[in-house]
Amino acid sequence: MRIKFLIFLESFSAGLSRPQKILVLLLFVGGALLTGSSGLLSEDVSKVKENSWLRVQNVGDTPALVKVAHYGYDGEQVAAEICPSAACRSVPAGSGWTFFTETNDDLPTPFYGSTKITGDQPFVAVAGRDFMFSKDDGWYLLIGGDTYWLGASGSKVMLPFVEHVPEKYSRIHVNNVSTDTPACVKITYYREGEMQPSVSEPVTAEDGCPEGGYYLDPNESMLRDAISLPVDLGFSGMGIVSSHVAVRDGFTVSVREQAIAAAVDTVSVEKEAFASYRGLSANEAGRDIVLPVIEREASEVDSDIESKWTSKFRIAPLNPTIPYTVSFRYNGSAEGGAEFEAEQEFLAEGALTCDQGSIGTEACLPDLLELPIGFSGTVRISSAESMAVIVQRSSSNGAYGDYRGFTSREASTQVVLPVVNKTLAPWGGNDGWSSSVHVQPFDGGEATVSFFYFSPELDANGLYRPMGRISGHQVFHQADDRFLPDDWVGSLVVVSTRPIVALASLESDAFKGDPVMMYNGVSLE
């Protein structure tokens, strides 16, 4: 298996032209004060600082030169980093490097903007945002993030979960990815279950946008939060960010020439909770979607955080103006191991939310049927229309965890997870950060799975771990792997005999609040 994997890396890298410049856009803040409701986090917001970090994993076959450029809100570059340099060496093949805005002295404080990465080897990245603050009973940490890659931007970006309700709200980050062309951007909001938009902004087109939109210069960003969201309090639905014709210096910039990216944060007003997901470009929508982690009051096995998790997911049709038929297939088990299966199909209009804590149609189940307490399993969603799905998990402790539903195009026999850890940074008698990886064959069948861990402490070819045959779905906890060193952070490539999807969960027992983050694995094929 190791030989096959190394051959794959060589052929994957050789298929890219040299010198290639793989460009990933990440929406970032550094040293910024959290804005929004005065009751946010149940804490004085002047004490809550938000910072960002990104983990870049080299999936090529030679050490990578990585350049990171930070752009301010207005699109002007304000700082840059490079590896190799005095601060870091070239990123080894298979391994990763983490960049922190908090420790970058070249960034102004506060800073809000975007970050772009270029490299001479293929790579993927995870971007995270976190908040840390202290209260009388200890230190609190809130964290969220997602994976980014080149295909995550486009002229149309789907935001399945947008909310402005008393207990929480969404922050929407939008960025013009282009380094040399402007973009004209509109955001259209659809209330759940409705096929006509509730609000579309801007109402009046800005100069340079003959078909409407906000005019964004190259690399420029915009933000919507609890104060600037144009929807009424009580809104729960979806958003679509779209680009439109722009004009600069008499030259027309077509929609095809524009690229935008977006991300959405979910921020609790009542509790210390935060989650984040990346918006999905139109080419990431699908007709067959798998959700590998679905729960109802389920406890996490081997987790040091005592809580019970319940999920809900929202479907955003690529075209919300037409009705569509959608089917669901639930598979899983309750506490004690009793298996549970259910199927349902019905006609939907607009954004559709399925709440696993509810009963019948509100849970997207047959009438009067509900998931058993302690249910943990998966859902497959199918439709003739393209759609995007976001899962929002919430715990009995108030924590959030968001992830994107997986399409068939994301299923692969080679999946990369840029950051995993085992008892990293233990503190105060606690174990620190440890990860778990959910692996599922996309068709729900069986597959033989192997793990390859990478970090500077491990063999250059990676630590090979045969994980055996899985059926349906399985969770692997890095803290249980005695072959991994303690206080360790690295990356992981999952190799399978059949196409799989993989979802990572990072959590720490050293903090109160919401020290849990989930992100999607990225296909290498």
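Structural data are supplied above this passage.
Cut-offs used in this document
- Residues numbered from 1 in each chain as written.
- Predicted model: local features only at pLDDT ≥ 70, side-chain atom pairs only at ≥ 80, totals over all residues.
- Heavy atoms only, no water.
- Helix = DSSP H or I, 4+ residues; strand = E, 2+ residues; numbered from the N terminus.
- Buried < 20%, exposed > 50% of the residue type's maximum accessible area, 1.4 Å probe, protein only.
- Contact = heavy atoms within 4.5 Å.
- Areas by Shrake-Rupley, 256 points an atom, 1.4 Å probe, with all protein chains shown as cover.
- Disulfide = S-S within 2.5 Å.
- Salt bridge = Lys/Arg side-chain N within 4 Å of Asp/Glu carboxyl O.
- Core = buried A, V, L, I, M, F, W, Y, C linked by side-chain atoms within 4.5 Å.
- Polar contact = N/O pair within 3.5 Å; in protein donor to acceptor, adjacent residues only side chain to side chain.
- Pairing = 2+ DSSP bridges.
- Patch = residues over 30% accessible without salt bridge, like charges linked within 9 Å, V, L, I, M, F, W, Y side chains within 5 Å.

(A) Looking closely at the overall build of the protein. From N to C terminus, the protein includes 1 helix and 39 strands. Out of the 525 residues belonging to the protein, those deemed buried represent 59%. Relative to all contacts within the protein whose residues are 6 or more apart in sequence, the contacts with residues 24 or more apart total 77%. Summed over all atoms, the accessible surface of the protein reaches about 20100 Å², with 51% contributed by carbon and sulfur.

(B) Examining the state of the cysteines more closely. Considering all chains together, one arrives at 3 disulfides under this definition. Between Cys184 and Cys209 runs a disulfide, and the two sulfur atoms are separated by 2.1 Å. Looking along the S-S bond of the Cys184-Cys209 disulfide, the torsion reads about -90°, which is the left-handed sense. In this pair, Cys184 is assigned in strand β12 (residues 183–191) and Cys209 in the loop between β13 (199–201) and β14 (214–216), connecting sequence segments 25 residues apart. Accessibility expressed as a relative area gives 4% for Cys209, which makes it buried. Sulfur-sulfur distance for the disulfide between Cys354 and Cys364 comes to 1.9 Å.

(C) Geometry of the pattern of salt bridges. Tallied over the full model, the rule gives 18 salt bridges. Linking Asp443 and Arg498 is a salt bridge whose minimum nitrogen-to-oxygen distance equals 2.2 Å. Placement of Asp443 in the loop between β32 (433–441) and β33 (446–454) and of Arg498 in strand β36 (residues 488–508) is noted, with a sequence separation of 55 residues between them. Overall, the relative accessible area of 42% leaves Asp443 in the partly exposed class. Under the relative-accessibility criterion, Arg498 is labelled partly exposed at 33%. Residues Arg469 and Glu446 are paired through a salt bridge, measuring 3.0 Å at the closest nitrogen-oxygen approach. Residue Arg469 is located in strand β34 (residues 463–471), and its partner Glu446 is located in strand β33; the two are separated by 23 residues in the primary sequence. Given a relative accessible area of 54%, Arg469 falls into the exposed group. According to the relative accessible area criterion, Glu446 is partly exposed, its value standing at 35%.

(D) Quick look at the environment of Gly350. Mapped onto the elements of the fold, Gly350 is located in the loop between β26 (339–348) and β27 (352–355). For Gly350, a relative accessible area of 0% gives the class buried. Remark: the alpha-carbon pair of Gly350 and Gly237, spanning 113 residues in sequence, is separated by 8.7 Å. For Gly350, the residues in contact, after removing those within four places along its chain, are Gly193, Glu194, Met195, Ile315, Pro317, Pro320 and Tyr324.

(E) Seen up close, the nonpolar core. In this structure, Leu291, Phe313, Ile315, Phe328, Tyr330 and Ile381 are the most contacted members of the largest nonpolar core, which totals 33 residues. Those elements that provide at least two residues to this core are β22 (286–296), β24 (308–317), β25 (324–333), β26, β27, β28 (375–395) and β36. Here this core gets 6 residues from one element, more than from any other, and that element is β28. Ranked by size, the runner-up nonpolar core spans 31 residues in total, among them Val415, Ile500, Leu506 and Tyr519.

(F) Spatial organisation of the side chain of Ser496. Looking at where Ser496 falls in the secondary structure, it is placed in strand β36. Residue classification places Ser496 among the buried positions, given a relative accessible area of 7%. Reaching out from Ser496, the side chain makes a polar contact with the backbone oxygen of Arg498 at a distance of 2.7 Å. When neighbours within four sequence positions are excluded, Ser496 is seen to be in contact with Thr413, Ala447, Thr448 and Val449.

(G) Structural view of the pairing of strand β20 (residues 274–278). For β20, a buried count of 5 out of 5 residues is recorded, marking the element as mostly surrounded by other parts of the structure. Relative to β20, strand β19 (residues 260–268) runs antiparallel, the two sharing 5 bridges. Paired with Val264 across the bridge in β20 is Tyr277. In sequence, β19 turns back onto β20 through a hairpin of 5 residues.

(H) Examining the environment of Leu280 more closely. Mapped onto the elements, Leu280 comes out in strand β21 (residues 280–281). Between the C-alpha atoms of Leu280 and Val157, which are 123 residues apart in sequence, the distance is 5.3 Å. Beyond its immediate chain neighbours, meaning those up to four positions away, Leu280 contacts Lys156, Val157, Met158, Pro160, Ala388, Ile390 and Arg404.

(I) How the structure looks around unusual backbone geometry. Put simply, Cys83 and Pro84 share a cis peptide bond, and its omega is 15°. Structurally, Pro84 can be placed in the loop between β5 (77–83) and β6 (96–100). In this model, Glu201 is joined to Pro202 through a cis peptide bond whose omega is 0°. Counting through the fold element by element, Pro202 comes out in the loop between β13 and β14. Positive phi, close to 55°, is recorded for Asp249, a residue that is not glycine. The residue Asp249 is located in the loop between β17 (246–248) and β18 (251–253) in this model.

(J) Structural detail: a nonpolar patch on the surface. A surface patch of nonpolar side chains, amounting to about 330 Å² of accessible area, comprises Met132, Trp139 and Trp427. Checked against the element boundaries, Met132 lands in strand β8 (residues 123–135). By relative accessible area, which is 38% here, Met132 ends up partly exposed.

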